[in-house]
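Listed below are the residues making up each chain.
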Amino acid sequence: MEPESLLKRCMRCGFCRASCPVFEETKNEGSVARGKLQTLLALLEGEVPASEKALLRVFECTTCDACAQACPAGVEVGSAILAARRRYLAKLELPVHEWKVEVTREMGNPFGEVMRASEGEASTAYFPGCTTQFRAGEIEQAAVGLLRRILGDFSVVRDFCCGAPLLTFGSAWEDFIARNRAKLEEQGVERLIVTCPGCYNTLRKHYRIEVVHLSALLLESLEELTFSPLSARVAYHDPCHLTRGANIYEEPRRLLEAVPELELRELEHTRLDTRCCGAGGGFPLAFPELSASLGKRRLAEAKRAKAEVLTTFCPSCYLHLRTLAGEDLIVKDLTVLLAED
Ligand code: SF4
Ligand code: SF4
């Protein structure tokens, strides 16, 4: 669909306002989907100049998709925002975004790290993704440990980034994912098991391969698995990209219910009504303070639920919430929680 026709589908009802975590914080109409879509339309039609302030609006979004879920007109807000990022990235002074795009292209990942080698030759492979590999290695270790308990042979594919950072920051990425697809074919990989929601959505939508979320495999094997007891009140933060992006929100709860002695507490915004913690869509890079405010709102919900542990199923949410949490709340990724002895 052409961007103009996509933008014109907005009937300006404002239903998106109540669900936008950024608007909840800023109370600024320009932050919410309706305001952003109007700004984009005015930019496309040349009614307003392409000022830094107007263009920056397209990056003031966590890509949580809460607005699209609430929208009665079915406006694909996320697609409009990503298309606008691609159009305007080069016109903005966003050095960190530019650096991330550059190193993803040159080094193969958005952290500028040296990619680690893949291991094994089995056609079923675990794909940790860059954030897990380079910033939350404990999730990779835990996932490999769990997979050893339920699968025979499997390999680990670590030698490329799924490409989500390029798409999120507004860069061309078609050539990048075409190279990755060829690598998977060369390596004989037919099925990828994934823990990161961003990788999961990107791989299943843009790669011609079977992609399975770890939660589905664990649930299939629940009778063979025993988890160590955890005597604690545990709340689960639904990551937007796993919940709205992939409809996976009952599975983590069923897994938590299988942990002996664990008492599951629900946050106020839960399942499809989840609220973004502020870590998504490159938001912390451009708006670190706002991003931290969104995270603190989620931590406050966990405290009101009297949780001792806050768990989630996403390396970005985990890292963001862990950085913001005080000493009275333990933040732990669900893969790690389930793999503990
Ligand atoms: S809910 Fe949809 S139609 Fe209504 S203002 Fe928001 S984006 Fe536009
Ligand atoms: S995707 Fe989320 S943060 Fe972005 S405009 Fe929609 S509700 Fe707000």
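Here the structure is a predicted model, which means the values were calculated and not measured. (Residues numbered from 1 in each chain as written. Chains lettered and ligands numbered in written order. Predicted model: local features only at pLDDT ≥ 70, side-chain atom pairs only at ≥ 80, totals over all residues. Heavy atoms only, no water.)

Draft legend 1. Examining the sheet that holds strand S5 (residues 233–237) more closely. Reading across from one edge, S6-S5-S7-S8 is the order of the four strands in this open sheet, with parallel pairing throughout. One side of each edge strand has no neighbouring strand; the edge strands of this open sheet are strand S6 (263–265) and strand S8 (330–333). Looking at each pair of strands side by side, their axes are set apart by 35 degrees on average, direction ignored. In terms of strand pairing, S5 meets S6 through three bridges, oriented parallel. Of the residues in S6, the one forming a bridge with Ala235 is Arg265. (Pairing = 2+ DSSP bridges. Helix = DSSP H or I, 4+ residues; strand = E, 2+ residues; numbered from the N terminus. Axes fitted to C-alpha atoms, helices over the stretch in contact; angles between N-to-C directions.)

Draft legend 2. Main features of the side chain of Thr131. Relative to the helices and strands, Thr131 resides in helix H8 (residues 130–135). For Thr131, a relative accessible area of 19% gives the class buried. If near-sequence neighbours (up to four positions away) are discounted, Thr131 is found in contact with Phe111, Ala136, Pro315, Ser316 and Leu319. (Buried < 20%, exposed > 50% of the residue type's maximum accessible area, 1.4 Å probe, protein only. Contact = heavy atoms within 4.5 Å.)

Draft legend 3. Spatial organisation of the packing of helix H3 (residues 33–44) against helix H6 (residues 77–88). One can describe the packing of H3 onto H6 by two numbers: an axis separation of 11 Å at closest approach and a directional angle of 45 degrees. Taken together, the axis directions place H3 and H6 in an arrangement best described as oblique. The handedness of the crossing between H3 and H6 comes out as left-handed. On H6, the residues touching Ala33, Lys36, Leu37, Leu40, Leu43 and Leu44 of H3 are Val77, Ala80, Ile81, Ala84, Arg87 and Tyr88. Split into classes, the residues belonging to the contact of H3 with H6 amount to 10 nonpolar, no polar and two charged. (Parallel < 35°, antiparallel > 145°, perpendicular 65-115°, else oblique. Left-handed = near helix turned anticlockwise from the far one by under 90°. Nonpolar A, V, L, I, M, F, W, Y, C, P; charged D, E, K, R; others polar.)

Draft legend 4. Spatial organisation of helix H17 (residues 288–304). With 17 residues, H17 extends 24 Å from end C-alpha to end C-alpha; this agrees with the ideal 24 Å at 1.5 Å per step. Looking at H17, one finds that the buried residues are Leu290, Ser291, Ala292, Leu294, Gly295, Arg298, Leu299, Glu301 and Ala302. Elements that come into contact with the buried residues of H17 comprise helix H2 (21–26), S5, helix H16 (283–286), strand S7 (309–312), helix H18 (315–324) and S8. Remark: Lys306 follows H17 within two positions and exhibits a positive phi of approximately 60 degrees. (Expected span 1.5 Å × (residues − 1).)

Draft legend 5. Inspection of the site of ligand 1 at higher detail. If you check the shell around ligand 1, you find Cys10, Met11, Arg12, Cys13, Gly14, Phe15, Cys16, Arg34, Leu37, Cys71, Pro72 and Ala73 and nothing else. Split by residue class, the shell around ligand 1 holds nine nonpolar, one polar and two charged. (Near = heavy atom within 4 Å.)

Draft legend 6. Seen up close, the nonpolar core. Counting 114 residues, the largest nonpolar core has Phe127, Leu147, Leu192, Leu203, Leu310, Leu337 and Leu338 as the members making the most contacts within it. For this core, the element with the most residues is helix H9 (residues 137–150), which contributes seven residues. Not counting chain neighbours up to four residues away, the residues in contact with Phe127 comprise Val157, Phe160, Cys161, Cys162, Leu192, Ile193, Val194, Thr195, Cys199 and Leu203. (Core = buried A, V, L, I, M, F, W, Y, C linked by side-chain atoms within 4.5 Å.)

Draft legend 7. Structural detail: the site of ligand 2. Lining the immediate environment of ligand 2, one finds Cys20, Pro21, Val22, Ala33, Lys36, Cys61, Thr62, Thr63, Cys64, Asp65, Ala66 and Cys67. The residue makeup of the shell around ligand 2, split by class, is eight nonpolar, two polar and two charged.

Draft legend 8. Quick look at unusual backbone geometry. At Arg271, a residue that is not glycine, the phi angle is positive and equals roughly 50 degrees. You can see Arg271 is positioned in the loop between S6 and H16. The residue Lys306 is not glycine, and still its phi comes out positive at about 60 degrees.

Draft legend 9. Region of interest: helix H11 (residues 174–187). Here H11 contains 14 residues, and its C-alpha end-to-end distance of 20 Å stays within 8% of the 20 Å for a straight helix at 1.5 Å per residue. The secondary structure elements touched by the buried residues of H11 are helix H7 (95–107), helix H10 (164–169), strand S3 (191–194) and helix H12 (197–206).

Draft legend 10. A look at the sheet that holds strand S4 (residues 210–213). The strand order S2-S1-S3-S4 describes an open sheet built from four strands, whose pairing is parallel. The sheet terminates laterally at strand S2 (155–156) and S4, the two strands that pair on one side only. In this structure, strand S1 (residues 124–127) lies alongside S2, joined through two bridges in parallel fashion. The residue bridging Ala125 from the neighbouring strand is Ser155, located in S2. Lying on the sheet, H9 is in contact with S1, S2 and S3; it crosses S1 at an angle near 155 degrees.

Draft legend 11. How the structure looks around the domain arrangement of the protein chain. What the domain assignment reports for the protein chain is domain 1 (3–91), domain 2 (124–219) and domain 3 (226–339). Computed over C-alpha atoms, the centres of domain 2 and domain 3 are 21 Å apart. Taken together, the contacts link 23 residues of domain 2 with 26 residues of domain 3. Note on domain 2 versus domain 3: buried area summed over both sides is about 1900 Å², and carbon and sulfur give 75% of it. (Domains from an automatic or database assignment. Buried area = accessible area lost by both parts, 1.4 Å probe.)

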